[in-house]
Amino acid sequence: MSGRSGGEILVAALRAFGCDRIFGVPGESYLPLLDALYGEPEVRFVTCRHEAGAANMAEADAKLTGRPGVCAVSRGPGAMHAAIGLHTAQQDSTPLILLVGQVPSDQRGLGAFQEMDYGQVFGGVAKYVAEITDPAAIPQAVAEAYRAAMTGRRGPVVLSLPEDMLATTSEVTDLPFEPVVPAQPPADAMVRLGALLAQARRPLLVLGGGGWDAAACADILCFAEVHDLPVISGFRCQDLVSTRDPHYIGDLGFAAAKTLVQRVEESDLLLVVGERLGDICTQGYTLLTRPKPRQTFVHVYPDADEFGRVYQPDLAITADMAAFARAAANLPPQPKPERAAWLEAARQDYLTFHAIPSPRRRQGFVDMAEVMGCLRDRLPRDAIVTNGAGNYCGWVNRFHPYDGFRTQLAPVSGAMGYGVPAAVAAKLRYPHRTVVAFAGDGCFAMGMTELATAIQQGAAILVIVVNNGLYGSIVMHQETHFPGHGLGVTLHNPDFGDVAKAFGGIGRRVTDLDAFAEAFDAALAAGRPAVIEVITDPELISPGTTLSAIRGSGVQA
Ligand SMILES: Cc1ncc(C[n+]2csc(CCOP(=O)(O)OP(=O)(O)O)c2C)c(N)n1
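Conventions and cut-offs
- Residues numbered from 1 in each chain as written.
- Predicted model: local features only at pLDDT ≥ 70, side-chain atom pairs only at ≥ 80, totals over all residues.
- Heavy atoms only, no water.
- Near = heavy atom within 4 Å.
- Polar contact = N/O pair within 3.5 Å; in protein donor to acceptor, adjacent residues only side chain to side chain.
- Areas by Shrake-Rupley, 256 points an atom, 1.4 Å probe, with all protein chains shown as cover.
- Helix = DSSP H or I, 4+ residues; strand = E, 2+ residues; numbered from the N terminus.
- Nonpolar A, V, L, I, M, F, W, Y, C, P; charged D, E, K, R; others polar.
- Phe/Tyr/Trp six-rings, centres within 6.5 Å; stacked < 30°, edge-to-face > 60°.
- Buried < 20%, exposed > 50% of the residue type's maximum accessible area, 1.4 Å probe, protein only.
- Pairing = 2+ DSSP bridges.
- Axes fitted to C-alpha atoms, helices over the stretch in contact; angles between N-to-C directions.
- Contact = heavy atoms within 4.5 Å.
- Parallel < 35°, antiparallel > 145°, perpendicular 65-115°, else oblique.
- Left-handed = near helix turned anticlockwise from the far one by under 90°.
- Core = buried A, V, L, I, M, F, W, Y, C linked by side-chain atoms within 4.5 Å.
- Domains from an automatic or database assignment.
- Salt bridge = Lys/Arg side-chain N within 4 Å of Asp/Glu carboxyl O.

A. The arrangement of the site of the ligand in detail. In the vicinity of the ligand, 17 residues are found, and the nearest of them are N391, G414, C443, G472 and S473. In the model, a nitrogen atom of the ligand is placed 2.8 Å from a nitrogen or oxygen of the G414 main chain. Note that an oxygen atom of the ligand is positioned 2.9 Å from one of the backbone N or O atoms of L470. In isolation the ligand has 590 Å² of accessible area, and contact with the protein removes 78% of it. Of all the elements in the fold, those that place two or more residues in the shell around the ligand are α16 (441-447) and α18 (472-481). When residues of the shell around the ligand are assigned to their parent elements, the largest contribution, four residues, is made by α16. Split by residue class, the shell around the ligand holds eight nonpolar, eight polar and one charged.

Structure below.
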């Protein structure tokens with residue numbers, strides 16, 4: 001038979017939108033796809049050690065490129081392992097294409113080995129799930145998958161690939177790449193926004209969500225500058241503008257500054273761009289009155305479905321981030337009553353809250369605040385800093401000065417195990433930038449297998465493992481609500497420095513700041529994957545409090 005195999009057609013369709021790498025774990029269920037990649041120099045297959053790592057890498061890579069990340073996994077078990085990446089892509093509004101092998105077409109519905117119905121399994125989390133039964137349908141299916149992932153609120157899609165379909169040949173031709181047309185803000189809505197801004201004395205600009213790129217971030221900052229707008233970032237979106245910029249006044253994440261929360265309460269105009277205003281951003285939906293906030297509320301979002309889900313906007317603007325940011329940057333400057341003082345005071349509060357505090361030292365432990373202070377002096381400004389989930393993120397997200405677009409890769413989904421694979425993806429995309437992953441001892445154990453990928457791919461990431469011997473975040477909740485009843489939360493860990501050495505990297509375990517600084521410099525100079533295990537005091541459960549102080553308080557730290 002003449003023509004190309006389904007695998008070859010699929011690779012050509014992925015290349016059409018710019019896919020240059022696939023993160024995956026191979027499976028016998030999609031051999032013709034792997035075969036199509038054999039000898040294909042334009043698409044690199046990054047072999048991972050766990051499908052969760054592969055999916056997390058693909059999701060992180062998509063955050064860096066703005067294109068869908070691509071992950072390939074085997075049917076059944078492989079797909080289940082990869083599910084966490086779909087969830088993060090959904091929660092973080094990241095375009096992601098998951099390619100899953102499927103049982104042969106003549107066995108579908110028989111309950112064959114590792115058979116699953118991916119429409120049912122992933123229907124609730126993916127924006128689009130399709131099983132491609134004919135190789136001639138591949139170009140169209142990939143184009144639809146791309147459109148679904150990249151339109152409106154970005155998100156994950158799944159393509160199920162029966163193995164016989166991938167081996168079957170077809171004469172189908174490739175489709176030309178059609179970029180998604182960005183949704184433009186209506187001109188009359190921009191005029192109304194201009195009028196609302198002209199009246200506002202205490203406006204705030206809140207940025208978050210997906211669909212941003214460097215140009216959009218530059219435009220939105222220009223808009224903030226022209227209109228003297230204080231800028232707040234949503235949970236783990238702290239790199240949309242530089243935190244060093246005088247307009248930046250903080251993030252509405254876990255343990256947001258009280259002064260920031262108060263400022264939101266006092267504002268008279270909230271311009272929320274790309275951020276959904278989820279439970280974390282709104283302090284458990286308590287920050288604003290529901291359903292109608294007291295402030296004038298302008299919501300800009302790429303999907304009209306989102307408007308009014310929680311808060312009724314006074315003005316809703318359906319637009320993609322880049323299109324809105326460009327239009328906003330072009331709004332004519334106006335008088336700005338009292339805003340300079342409002343902005344200055346907010347910035348001052350930000351600087352106070354995010355200043356490195358004096359160390360809370362105890363012999364044998366390193367204070368994470370000191371570590372972050374040390375890194376402020378040492379990390380290049382374009383360093384990419386990743387994390388997963390756990391209380392250790394409280395120090396990282398509060399004290400690291402993220403310096404602009406994509407210096408942060410952190411899951412809004414709160415997924416443990418994300419930091420290491422995200423760092424690997426970042427280092428492969430930007431080999432000349434410094435990439436540092438933070439992980440708690442619990443978090444690291446969920447992603448450390450991908451150190452092997454880092455070694456194999458030559459990705460010289462630096463991992464800082466914050467070891468308090470606990471699933472500390474859960475201890476904090478238990479001690480708050482069930483004092484003294486810690487259960488399932490203590491961790492007997494290996495020496496993580498030795499683990500790193502066993503993988504072929506550099507490993508150090510440190511219990512004081514000087515040793516940390518020395519290990520950090522040596523690790524960066526070595527140009528190999530490295531792990532620095534920092535032993536921290538379990539009593540210091542978060543930047544702002546201690547376990548003894550929260551015990552039985554019933555109040556979230
Ligand atoms: C995949 C996943 N499993 C479980 C959780 C719930 N969880 C959130 S934080 C946390 C503990 C994290 O422990 P560690 O990484 O050691 O950081 P620490 O809180 O001690 O700083 C757990 C279990 C989660 N967010 N993600």
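Now that the structure has been shown, the text picks up again.
B. Region of interest: the packing of aromatic side chains. Applying the stated criterion to the full structure yields eight aromatic pairs. Their ring planes at 35° and their centres at 5.0 Å tell us that F17 and Y146 sit as a pair that is tilted. In this pair, F17 is assigned in the loop between α1 (6-16) and β2 (21-24) and Y146 in helix α6 (residues 138-150), connecting sequence segments 129 residues apart. Y146 sits in the buried class, given a relative accessible area of 8%. With a centroid separation of 6.0 Å and 15° between ring planes, the pair formed by Y118 and F122 is classed as stacked. Of this pair, Y118 and F122 both sit in helix α5 (residues 118-122), four residues apart, which is roughly one turn of that helix. The residues Y118 and F122 share a single accessibility class, namely buried.

C. Representation of the sheet that holds strand β4 (residues 69-73) within the structure. Taken in spatial order, the six strands of this open sheet run β3-β2-β4-β5-β7-β6, and their pairing is parallel. Strands at the two margins of the open sheet, each flanked by one partner only, are β3 (44-47) and β6 (128-131). Sheet twist, expressed as the mean angle between neighbouring strand axes with direction ignored, is 20°. Of the strand pairs in this sheet, β2 and β4 are connected by two bridges, and their pairing is parallel. Paired with G24 across the strands is A72, a residue of β4. Where helix α3 (residues 51-65) meets the sheet, its contacts fall on β2, β4 and β5 (96-102), and the angle it forms with β4 comes to roughly 165°. The strands touched by α6 within the sheet are β5, β6 and β7 (156-162), with β7 carrying the most contacts at an inclination of about 160°.

D. Expanded view of the pairing of strand β12 (residues 269-273). Among the five residues of β12, five are classified as buried, and the element is accordingly described as predominantly covered. Here β12 shows two buried faces, one formed by L269, L271 and V273 and the other by L270 and V272. Relative to strand β13 (residues 296-301), β12 runs parallel, the two being bridged by five bridges. Counted as the bridge partner of V272 is H299 from β13.

E. Local environment of the packing of helix α9 (residues 214-226) against helix α11 (residues 321-329). Two elements in contact, α9 and α11, have axes whose closest approach is 8 Å; the angle formed by their N-to-C orientations is 30°. The angle between the axes of α9 and α11 places the two elements in the roughly parallel class. Along this stretch, α9 crosses α11, giving a crossing that reads as left-handed. Between α9 and α11, the contacting residues are A216, D219, I220, C222 and F223 on the first element and M321, A322, F324, A325, R326, A328 and A329 on the second. Class assignment for the residues of the contact of α9 with α11 results in ten nonpolar, no polar and two charged.

F. Quick look at the nonpolar core. If you look at the biggest cluster of nonpolar residues, it comprises 81 residues, and the most contacted ones within it are F438, F444 and F516. Tallying contributions element by element places helix α15 (residues 419-429) first for this core, with seven residues. Three or more residues apiece are contributed to this core by two domains, here domain 1 (4-168) and domain 3 (368-550). Apart from the residues within four sequence positions on either side, F516 is in contact with V371, C374, L375, I464, V510, I532 and V534. Counting 36 residues, the second largest nonpolar core, distinct from the first, contains A189, I220, L240 and L269.

G. Structural context of the pattern of salt bridges. Applying the stated criterion across every chain, the model contains 29 salt bridges. When the shortest N-O distance is used, the salt bridge between E479 and R551 registers 2.9 Å. Note that E479 is positioned in helix α18 and R551 in the segment after α21 (547-550), a separation of 72 residues in sequence. Here E533 ties to R509 by a salt bridge, and the two come within 3.4 Å at their closest N and O atoms. Of the two residues, E533 sits in strand β20 (residues 530-535) while R509 sits in strand β19 (residues 506-510), which places them 24 residues apart along the sequence. Note on E533: relative accessible area 0%, which makes it buried.

Such coordinate-based values are descriptive only and should not be taken to indicate function.
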